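# Per-entry structural report
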Amino acid sequence: IPFLKDRDIRKSVAGETYATKIEQIKAGLQTYFSNINSYYQLHHTDVFFIVMGHLFVQGSTVSESERDIQIGNQAGVSAAMFQGIPNYVALGHIHKPQAISVEEHIYYCGSPISLSFSEKKDQKQVNILTVKNNKIENIEILAIPKQRNLLAFEGNLDEVQSKIVSYTEETPLPSLVEIIVNEETESLERRQAFEAFISNQSNSKLQIVKSRLNFKNKIRGASDAIAVGTDVADVTPIQMFEKKLELQSGLENTDELKAAFRDILQELNL
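For the structure given in this document, a descriptive report is provided here. Keep in mind that this is a model prediction, so the values were computed, not measured.

### Let's talk about the overall build of the protein chain
- Across its full length, the protein chain holds six helices and nine strands.
- When the 270 residues of the protein chain are sorted by exposure, 36% land in the buried category.
- In the protein chain, the share of contacts with a sequence separation of at least 24, taken over all contacts with a separation of at least 6, comes to 63%.
- Looking at the protein chain as shown, the accessible area adds up to about 16,200 Å², and 52% of this sits on carbon and sulfur atoms.

Printed below as a string of structure tokens:
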């Protein structure tokens, strides 16, 4: 079952509230999967039944790299929606490997590689099923070898430089690094030193792919809107929209605005 969009599982009604929309989406998902179970029970009860679903099930842990999940996490559904009928439920959409229900064999196997620095400590895996007489005998969790590390180094510029220079771990591919530099007082000299360091670091065992420079004491009148070293590619459309809403004081119904923006993103497949 592919990712089910709003228009796949319900009909929009003019003037409906955000809360009503969320409840209708949940009900639509439950009805859709219930129909799948009913079809199986009518036609294929002698076959091992695996449901593959691309959705957010409540109880799962997300990372910052997931695309916006339905209409926020509020549209997550309960694992009880599967009614205990499938022999195995293989879920996608969440990158962190995890069991939603061991008893009912409901799993996210997760992405095969880390897709953001929030996943740097995750052990990626493949779930291997042993099936006999249409029943699961065993589920083996096979760890996926890491080809590279994801690292985050934080401190003042001198401390971060020292960590970068002294890094020696060997991996098949260069490690990818996020650096966060925190300095006391804003100065042009510190900015230039930061940018020169990013451009010229020479440790071949790693590559800096994300960086941020923070000043505790900023110069009056300096722009707070621009974070040095931040790439627009690191910001999702919904994060940019939410930031814009924060800058517009006095706005009401921001949840409805965010929901409408997410609908637009889904329509455009962004």
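Once you've had a look at it, read on.
### Structural notes on the pairing of strand 9 (residues 206-217)
- Looking at chain direction, strand 8 (residues 175-185) and strand 9 are connected through ten bridges and run parallel. By the bridge assignment for strand 9, N182 is matched with N214.
- Each parallel crossover has a hand, and for strand 8 linked through helix 4 (residues 188-200) to strand 9 it is right-handed.

### Concerning the sheet that holds strand 9
- With respect to topology, three strands assemble into an open sheet ordered 7-8-9, the strand pairing being parallel. Of all strands in the sheet, those bounded by a partner on one side alone are strand 7 (150-155) and strand 9. Neighbouring strand axes in the sheet, compared pairwise and without regard to direction, differ in orientation by 15° on average.
- In the sheet, strand 7 pairs with strand 8 via six bridges, with the strands oriented parallel. Its bridge partner lying in strand 8, A152 is registered against E178.
- Those strands touched by helix 3 (residues 157-166) are strand 7, strand 8 and strand 9, and its axis lies near 150° from that of strand 7.
- Packing of helix 4 onto the sheet brings it into contact with strand 8 and strand 9, and relative to strand 9 it is tilted by some 170°.

### Things to note about the sheet that holds strand 3 (residues 98-101)
- Across the sheet, which stays open at both edges, the four strands sit in the order 1-2-4-3 with mixed pairing between neighbours. Whereas interior strands pair on both sides, the edge strands pair on one side only; in this sheet they are strand 1 (50-54) and strand 3. Strand-to-strand twist across the sheet, computed as the mean angle between neighbouring axes with direction ignored, equals 25°.

### Re helix 3
- Along helix 3, the positions that sit buried rather than exposed are L157, V160 and I164. Down the axis of helix 3, the sector holding all buried residues measures 70°, keeping them to one side. Across helix 3 from its buried face, at more than 90 degrees, point the exposed residues D158 and V165.
- In this fold, the buried residues of helix 3 make contact with strand 7, strand 8, helix 4 and strand 9.
- Between the side-chain oxygen of the N-cap and the backbone nitrogen of D158 there are 3.2 Å, and the N-cap of helix 3 in question is N156.

### Some points on a nonpolar patch on the surface
- Together, V126, I128 and L142 make up an exposed nonpolar region whose accessible area comes to about 220 Å².
- If you trace the backbone, I128 turns up in strand 5 (residues 125-132).

### Things to note about unusual backbone geometry
- With a phi close to 55°, H105 is a non-glycine residue in the positive phi region.
- Checked against the element boundaries, H105 lands in the loop between strand 3 and strand 4 (106-108).
- Taking the relative accessible area as the measure of exposure, H105 reaches 22% and is therefore partly exposed.
- Although it is not a glycine, N134 adopts a positive phi angle of roughly 60°.
- For N134, the location among the structural elements is in the loop between strand 5 and strand 6 (135-143).
- Classification of N134 by relative accessible area gives partly exposed; the value is 34%.

What counts, and where the lines are drawn
Residues numbered from 1 in each chain as written. Predicted model: local features only at pLDDT ≥ 70, side-chain atom pairs only at ≥ 80, totals over all residues. Heavy atoms only, no water. Helix = DSSP H or I, 4+ residues; strand = E, 2+ residues; numbered from the N terminus. Buried < 20%, exposed > 50% of the residue type's maximum accessible area, 1.4 Å probe, protein only. Contact = heavy atoms within 4.5 Å. Areas by Shrake-Rupley, 256 points an atom, 1.4 Å probe, with all protein chains shown as cover. Pairing = 2+ DSSP bridges. Right-handed = clockwise from strand over helix to strand, strands pointing away. Axes fitted to C-alpha atoms, helices over the stretch in contact; angles between N-to-C directions. Arc of directions from axis to C-beta. Polar contact = N/O pair within 3.5 Å; in protein donor to acceptor, adjacent residues only side chain to side chain. Patch = residues over 30% accessible without salt bridge, like charges linked within 9 Å, V, L, I, M, F, W, Y side chains within 5 Å. Salt bridge = Lys/Arg side-chain N within 4 Å of Asp/Glu carboxyl O.

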